[in-house]
Amino acid sequence: MVLRKLVAGNWKMNGSLAALGELAAIREAADRNASVDVAICPPFTLIAAAVASQPGLTIGAQDCHADDKGAHTGCISAVMLREAGAKMVIVGHSERRADQHETDAEVHAKAEAAIRNGQIAIVCVGETEAERDAGRAVAIVEGQLDGSIPRAADGAQLVVAYEPVWAIGTGRTPSVADVAEMHAAIRTKLVSLLGSAGTGVRILYGGSVKPDNARELLSVADVDGALVGGASLTAAQFVPIIEGAAACA
Ligand code: 13P
C-alpha cells in the first residue's frame, strides 16, 4: 500500500525563539507540497510559540510522560503537550533509550499516553552498529516493536521510525538494500501485531537524511517518510527534503 509520506523534523535540544524564523519557509514548502505531511518537533519550551507563529504547520514534541499528571518533577505529560498545541509525540528515540535508560515497556506506555490524548505517537526503533555487525539488526528491531507498539493502534494514531543508531548524526546511512530489508521486516511485524491496521502505519527512515540522499531513501518500498535531525534545523536543508518526498509521493 502506498501511504502518504510524512517528513518530520526532530530539533532535539536545539533551537531558540529566534530559530522559529525558519518555520515560515518550512510552512510554505508544506503548503506547496500538499501531497506530503510535514511536522517539526522542537524542544518543549518552543512548542507553544511555534504553534502561535505558524498555526498551519504541524508541531510535535520529542517525548512525553506515560501518566497524564502527577508527582514527576521535570516531566511533561501528553495532556500538557496537547494543550500547548502539539499534534505528534516522538517516543523511544535512541538518544532517550541510551541517555534516560528508557525501556520498551516505558516507550509502550508513553505511546499509549500520546494516543490516549489524541496525538500521533512516533515510536522509534533501531539497532546499534555492534548489533548490525553481529547480524542481529532485524531481530533487535522486531524485539523493540514487540515491546513498544500499542496493540490497538492504527495508522491514524501510530507511526514507526526506523533509525539505526550508527546512522544518527554520523553522515552514514544504510544501503538501499538494507533499508528495504528492514522496512519490509517492520511491515511484516506490524501486520503480525496489529492485523490489517499494520498495513496503514507509516514507517519513517531516520539517520543522516540530507537533501542529497532524501530522494533515494524515500523511494524505497515501505519508506513512508523521514525523521530528520540536523537537516531539519534550517529551511535551507529541510525544504529540499520535503520536495524530495513530494517527488516520490
Ligand atoms: P540526524 O538526521 O541528525 O542524523 O538525526 C536523526 C534523528 O535522530 C532524528 O530523530
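For clarity, every value in this text was computed on a predicted model and none was experimentally measured.

Participant: Would you mind going over the overall build of the protein chain in detail, with residue names and values included?
Facilitator: What the protein chain contains, in helices and strands, is ten helices and eight strands. Computed over the C-alpha atoms, the radius of gyration of the protein chain is 17 Å, within 12% of the 18 Å expected from 2.2 N^0.38 for a compact globule of 249 residues. Along the first, second and third principal axes, the C-alpha atoms of the protein chain reach 45 × 45 × 35 Å. The 249 residues of the protein chain split such that 51% are buried. Taking all contacts inside the protein chain whose residues are at least 6 apart in sequence as the whole, residues at least 24 apart take part in 73%. Accessible area for the protein chain stands at about 10200 Å²; split by element, carbon and sulfur atoms hold 53% of it. Side chains of the protein chain carry 21 positive and 29 negative charges; the gap between the two charge centres is 4 Å.

Participant: Residues and numbers for the site of the ligand, please.
Facilitator: What surrounds the ligand is a group of 13 residues, the closest being K12, H93, G169, S208 and G230. E163 has a polar side-chain atom sitting 3.0 Å from an oxygen atom of the ligand. Backbone polar atom of G229 to an oxygen atom of the ligand: 2.9 Å apart, as the coordinates give it. Look at the ligand: alone it shows 310 Å² of surface, and the protein chains cover 96% of it.

Participant: Any details on the pairing of strand β4 (residues 88–91)? Residues and values, ideally.
Facilitator: Going residue by residue along β4, you find M88 and I90 tucked away on one face and V89 and V91 tucked away on the opposite face as well. Sheet analysis places strand β3 (residues 58–61) next to β4, joined by two bridges and oriented parallel. Paired with A61 across the two strands is V89, which belongs to β4. On the question of chirality, the crossover connecting β3 to the parallel β4 by way of helix α3 (residues 78–84) is right-handed. When β4 meets strand β5 (residues 120–125), the two strands line up parallel, connected through four bridges.

Participant: Which residues make up helix α2 (residues 44–53), and what values do they have?
Facilitator: If you check which residues of α2 are buried, you get L46, I47 and A50. An end-on view of α2 places all buried positions within 125 degrees of arc, on one side of the element. Those residues of α2 that are exposed and angled more than 90 degrees off the buried face are T45 and A52. Looking at the buried positions of α2, the neighbouring elements they touch are α1 (23–32), β3 and α3.

Participant: Provide a residue-level description of the pattern of salt bridges, including the pertinent values.
Facilitator: Oppositely charged side chains are able to pair whenever their charged atoms sit close together. For the coordinates displayed, the defined rule picks out 17 salt bridges. D146 is the salt-bridge partner of K189, the closest N and O atoms lying 3.1 Å from each other. Note that K189 is positioned in helix α8 (residues 176–194) and D146 in helix α7 (residues 137–148), a separation of 43 residues in sequence. Judged by its relative accessible area of 16%, K189 is buried. With a relative accessible area of 34%, D146 lands in the partly exposed category. For the salt bridge of R187 with D224, the shortest nitrogen-to-oxygen distance reads 2.9 Å. Highlighted residues: R187 in helix α8 and D224 in the loop between α9 (214–218) and β8 (225–228), separated in sequence by 37 residues.

Participant: So, the sheet that holds strand β6 (residues 158–162): which residues are in play, and what are the values?
Facilitator: Paired through their backbone hydrogen bonds, the strands of a sheet run either parallel or antiparallel. In space, the eight strands of this closed barrel follow the order β1-β2-β3-β4-β5-β6-β7-β8, with parallel pairing throughout. With strand direction ignored, the average angle separating the axes of adjacent strands in the sheet is 25 degrees. Bridge count between strand β7 (residues 202–206) and β8: two bridges; the pairing is parallel. Bridge pairing in β8 places Y205 opposite A226. Its contacts with the sheet place helix α10 (residues 235–248) against β1 (6–10), β2 (37–41) and β8, and it is angled at close to 160 degrees to β1.

Participant: Please set out the nonpolar core residue by residue, giving values where relevant.
Facilitator: Counting residues in hydrophobic clusters, the biggest one holds 66 residues, and the most contacted among them are L23, I26, I149 and I186. The element best represented in this core is α10, accounting for seven residues. With residues up to four places along the chain from it excluded, the contact list for I26 reads V38, I40, L57, S232, A235, F238, V239 and I242. Residues A39, I90, I122 and A161 belong to the second largest nonpolar core, which totals 13 residues.

How each quantity is defined
Residues numbered from 1 in each chain as written. Predicted model: local features only at pLDDT ≥ 70, side-chain atom pairs only at ≥ 80, totals over all residues. Heavy atoms only, no water. Helix = DSSP H or I, 4+ residues; strand = E, 2+ residues; numbered from the N terminus. Rg over C-alpha atoms; globule rule 2.2 N^0.38 Å. Buried < 20%, exposed > 50% of the residue type's maximum accessible area, 1.4 Å probe, protein only. Contact = heavy atoms within 4.5 Å. Areas by Shrake-Rupley, 256 points an atom, 1.4 Å probe, with all protein chains shown as cover. Lys, Arg positive; Asp, Glu negative; His and termini not counted. Charge placed at Lys NZ, Arg CZ, Asp CG, Glu CD. Near = heavy atom within 4 Å. Polar contact = N/O pair within 3.5 Å; in protein donor to acceptor, adjacent residues only side chain to side chain. Pairing = 2+ DSSP bridges. Right-handed = clockwise from strand over helix to strand, strands pointing away. Arc of directions from axis to C-beta. Salt bridge = Lys/Arg side-chain N within 4 Å of Asp/Glu carboxyl O. Axes fitted to C-alpha atoms, helices over the stretch in contact; angles between N-to-C directions. Core = buried A, V, L, I, M, F, W, Y, C linked by side-chain atoms within 4.5 Å.

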